[in-house]
Every structure is written in structure tokens, then in C-alpha cells.
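# Structural overview for review
Okay, here's what each chain looks like letter by letter:
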Amino acid sequence: MVSKLEKEALAFVKKKEGTKPSTRKIISLHNRSLKVGYRNINIQVVTPSIIKDNTNEYGEYFPHRHSIEIQTAQKPLDEVNTILHELLHVVIMDIGETQKGGLLADDETEEKFVYNVANYLTQVFRDNKWLLTYMQNKFNE
Ligand SMILES: [Zn+2]
């Protein structure tokens, strides 16, 4: 017969063995900045405002403030998708395609393009993690 104390000890050991120390470095987006073009884009992870609560927006790029706001408490994959999405807004605005005559001058066309590309890139990076490691290694060579 196993005593209650022995059961607890076994459960403790089993739990300990099951938890390997993580070697992953957790990087938060909050207060980070992205170097894009000639300036830094500051990232703030924010609690949704009352106005934004009823929308499906998980992030927003503010070109004049050089900042991106990311809604807090998203699922990890959604947060990745959101930062890629907002980064794409930054890039296509920087290259001038959102200006009059640009391929993405129409707001709906821009949003559709950014939405689809961000979704695809998120999926490709998630399903081919080796590619991110490969790129990091190549950047450091
Ligand atoms: Zn967007």
C-alpha cells in the first residue's frame, strides 16, 4: 500500500521529470522598436480602448508617431500575425504604394493585400521554423 505522502512524493518527482527547463528566450514586443527605413518604429502592447473593443483590430500603425500598437493578451500566433501585418503596412507605405497612383492606394486593396500576405507569412514561418533559424544564422555570418 502506498501512503498519501508517498503518492505526493511520486507525483512531485513525476512532475519534476516532466518539466524540462526551457532554452527558449522569451522576447516581448512591448517597448521594442523595429528599424525600418530611416527611423525606428516603436511598439507598444496596449489594452484595447473602449472604442476599439468592438472592432476586429488587433494592431494599428500610426505613421506620424512612428509607432505600432498591438492589442494585449492575444494568442501567440495571433500576436505574430499582428506584428507581421502592421510591419507590412509600414513597408508598403514607405515604398509609396499607398499614395495616389500606387498599387495599394485604395484602403480596401491595401488591407486585403496586407491581410493575406501576413496570414501566409505567419503560416510559412510557423510550419517551417527551420527557415527562421537559417536566416538568423545567415545574418550573423
Ligand atoms: Zn491592416
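Numbering of residues starts from 1 in each chain and follows the order in which that chain's sequence is written. Owing to the predicted nature of the model, reporting of local features is limited to residues with pLDDT of at least 70; listing and counting of side-chain atom pairs is limited to 80 or more, with chain, interface and lining totals taken over all residues.

Right, let's get into the overall build of the protein chain. Secondary structure elements follow DSSP: runs of H or I no shorter than four residues count as helices, runs of E no shorter than two count as strands, and numbering proceeds from the N terminus. Counting secondary structure elements, the protein chain contains four helices and four strands. Reading the secondary structure of the protein chain in the N-to-C direction produces α-β-β-β-β-α-α-α.

Between any two strands, pairing holds if DSSP finds at least two bridges. The sheet built from four strands is open, its strands ordered E1-E2-E4-E3 with mixed pairing. Sheet topology places strand E1 (33-36) and strand E3 (59-62) at the edges, where each strand pairs with a single neighbour. Put simply, the sheet's adjacent strands are angled 20° from each other on average, direction ignored. Bridge count for E1 against strand E2 (residues 39-46) is four bridges, and the pairing is antiparallel. Bridge assignment links Ser33 to a residue of E2, and that residue is Asn42. Axis angles are defined between N-to-C directions and span 0 to 180 degrees, where every axis is a line fitted to C-alpha atoms and, for a helix, only to the segment in contact.

A few words on unusual backbone geometry. The backbone of Asn31 shows a phi angle near 65°, a positive value even though the residue is not glycine. Along the chain, the position of Asn31 falls in the loop between helix H1 (4-18) and E1. Field definition: a residue is buried when 20 or more other C-beta atoms are found within 10 Å of its C-beta, exposed when 12 or fewer are, and partly exposed for counts in between, with C-beta atoms placed from the backbone. A count of 9 C-beta atoms within 10 Å places Asn31 in the exposed class. Positive phi is not limited to glycine here, since His66 has a value of about 50°. Locating His66 in the fold gives a position in the loop between E3 and strand E4 (67-71).

Axes are the key here: two packed helices are described by the angle between their axes and the distance separating the axes. Remark: helix H2 (residues 76-94) packs on helix H3 (residues 107-127), axes separated minimally by 8 Å, with the N-to-C direction vectors making an angle of 135°. Between H2 and H3, the crossing angle belongs to the class labelled oblique. Read as a crossing pair, H2 and H3 show a hand that is right-handed. Seen from H2, the contacting residues are Leu77, Val80, Asn81, Leu84, His85, Leu88, His89 and Ile92; seen from H3, they are Glu110, Val114, Tyr115, Val117, Ala118, Asn119, Leu121, Thr122 and Arg126. All amino acids are sorted into three groups, where Ala, Val, Leu, Ile, Met, Phe, Trp, Tyr, Cys and Pro are nonpolar, Asp, Glu, Lys and Arg are charged, and the leftover types, Gly among them, are polar. Partitioning the contact of H2 with H3 into residue classes produces ten nonpolar, five polar and two charged. Just so you know how the angles are binned, under 35 degrees is roughly parallel, over 145 roughly antiparallel, 65 to 115 roughly perpendicular, and the rest oblique. If you view the pair so one helix is near and one far, a crossing is left-handed when the near helix is turned anticlockwise from the far one by less than a right angle, and right-handed when it is turned clockwise. Once C-beta atoms are placed from the backbone, any two residues with those atoms within 7 Å are in contact.

A helix is expected to reach a length of 1.5 Å times the quantity of its residues less one. With twelve residues, helix H4 (residues 129-140) should reach 16 Å at 1.5 Å per residue; the first-to-last C-alpha distance of 17 Å fits that figure. Within H4, only zero of the twelve residues are buried, which leaves the element largely exposed.

Time to look at the nonpolar core. Judged by nonpolar contacts, Ile41, Ile43, Ile68, Ile70, Ile83 and Leu87 together constitute the single largest core of six residues. Apart from residues lying up to four places away in sequence, Ile70 is in contact with Leu29, Ile43, Val45, Gly59, Glu79, Thr82 and Ile83. Under the definition applied here, buried Ala, Val, Leu, Ile, Met, Phe, Trp, Tyr and Cys residues are grouped into a nonpolar core through C-beta atoms within 7 Å.

Within the element layout of this structure, Tyr38 appears in the loop between E1 and E2. With 56 residues separating them in the primary sequence, Tyr38 and Asp94 have C-alpha atoms 9.9 Å apart.

Attention now moves to H2. In a regular helix each residue adds 1.5 Å, so 19 residues correspond to 27 Å; H2 covers 27 Å between its end C-alpha atoms and thus fits that length. Those residues of H2 not exposed but buried are Glu79, Asn81, Thr82, Ile83, His85, Glu86, Leu87 and His89. Considering only its buried residues, H2 is in contact with E1, E3, E4 and H3. At the C-terminal side of H2, Gly96 shows a positive phi close to 90°.

Function cannot be inferred from these measures alone, as they are strictly geometric.
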